[in-house]
Amino acid sequence: YAEKRREVEAGLALLGSGMELVRFSPQRDSRGAQWLVARDAESGTLWVAFRGTASLADVVHDLMAAPEQTGAGDAFHSGFLRAARAAAEELREVVEAELRVRPCERLALCGHSLGGALAMTLLGAGLLPCASGDAGAEDAPAEVLAFTYGSPAAFHGELRGAAMRRVRAQSFV
């Protein structure tokens, strides 16, 4: 896993498709997660990617599996919900600022393992309003996707209402 911005930029350059790093947020403390926002100008996609389990703090998030309910009554894996909430404010500011400056057709959230669970939790709990479909913002992307790879379950039971409308995702094992 990359630890520095230049490592992430080098990795994106290897993709060769004009990927541009918008923001890289390394894991700063035990509450948060590592993530990045990148733009693929070729496909018109803004990507939000979360790193999988790589630190002791990540393992703690993985192990905090008791259900925690949101105000809407949906239950999430508490470790994932807490880590997603810790990242949400800065991530929301970055994504919404980028969409205001350069709107896009597609927003894609992705991650492996813990990262996939964080992407699903962020989306399912409505922590990224521009991705919710409820916000009605004119700069919101037309399509929101989530791709997870080997992700553990982020939800407890059935999602209801708005959360169910937000979650239309692909999980690859």
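Up top is the structure these notes are about.
Small disclaimer: the values here were computed from a predicted structure and weren't measured. (Residues numbered from 1 in each chain as written. Predicted model: local features only at pLDDT ≥ 70, side-chain atom pairs only at ≥ 80, totals over all residues. Heavy atoms only, no water.)

(A) Summary view of the overall build of the protein. Within the protein, the secondary structure is distributed over five helices and nine strands. When the helices and strands of the protein are listed from N to C terminus, the series reads α-β-β-β-α-β-β-α-β-α-β-β-α-β. Burial status across the protein gives 46% buried among its 173 residues. Long-range pairs, those at least 24 residues apart, make up 62% of the contacts in the protein with a sequence separation of at least 6. A total accessible area of about 8500 Å² is found for the protein, and carbon and sulfur atoms account for 54% of it. (Helix = DSSP H or I, 4+ residues; strand = E, 2+ residues; numbered from the N terminus. Buried < 20%, exposed > 50% of the residue type's maximum accessible area, 1.4 Å probe, protein only. Contact = heavy atoms within 4.5 Å. Areas by Shrake-Rupley, 256 points an atom, 1.4 Å probe, with all protein chains shown as cover.)

(B) Molecular detail of the packing of helix α3 (residues 78–101) against helix α4 (residues 114–124). Taken N-terminus to C-terminus, the directions of α3 and α4 make an angle of 70°; their axes are 9 Å apart at the nearest point. Judged by the inter-axis angle, α3 sits roughly perpendicular to α4. The interaxial crossing formed by α3 with α4 has right-handed handedness. Counted together, F80, L81, A83, A84, A88 and L91 of α3 and L114, A117, L118, T121 and L122 of α4 form the full contact between these two elements. The residue inventory of the contact of α3 with α4, partitioned by class, reads ten nonpolar, one polar and no charged. (Axes fitted to C-alpha atoms, helices over the stretch in contact; angles between N-to-C directions. Parallel < 35°, antiparallel > 145°, perpendicular 65-115°, else oblique. Left-handed = near helix turned anticlockwise from the far one by under 90°. Nonpolar A, V, L, I, M, F, W, Y, C, P; charged D, E, K, R; others polar.)

(C) Structural context of the pattern of salt bridges. For the structure on display, the rule yields ten salt bridges. When the shortest N-O distance is used, the salt bridge between E143 and R106 registers 3.0 Å. In this pair, E143 is assigned in strand β7 (residues 143–149) and R106 in strand β6 (residues 106–112), connecting sequence segments 37 residues apart. With relative accessibility at 24%, the residue R106 sits in the partly exposed group. (Salt bridge = Lys/Arg side-chain N within 4 Å of Asp/Glu carboxyl O.)

(D) Highlighting the nonpolar core. Counting residues in hydrophobic clusters, the biggest one holds 34 residues, and the most contacted among them are F50, V95, L107 and L122. Among the elements of the structure, β2 (35–40), β3 (45–50), α3, β6, α4 and β7 are those that each provide at least two residues to this core. In terms of residue count, α3 provides more of this core than any other element does, ten residues in total. When neighbours within four sequence positions are excluded, F50 is seen to be in contact with Q34, W35, A87, L91, C110, G111, H112, G115, L118, A119 and L122. M19, F24, L36 and C110 belong to the second-largest nonpolar core, a separate cluster that totals nine residues. (Core = buried A, V, L, I, M, F, W, Y, C linked by side-chain atoms within 4.5 Å.)

(E) Just the sheet that holds strand β5 (residues 75–77), in detail. Read across the open sheet, the three strands follow the order β4-β5-β8; overall the sheet is antiparallel. Each edge of the sheet is formed by a strand with only one pairing partner; in this case those strands are β4 (67–69) and β8 (155–156). Where β4 and β5 come together, three bridges link them in antiparallel fashion. Residue P67 lies in a different strand from β5, and its bridge partner there is H77. (Pairing = 2+ DSSP bridges.)

So yeah, pure geometry; function would need other evidence.
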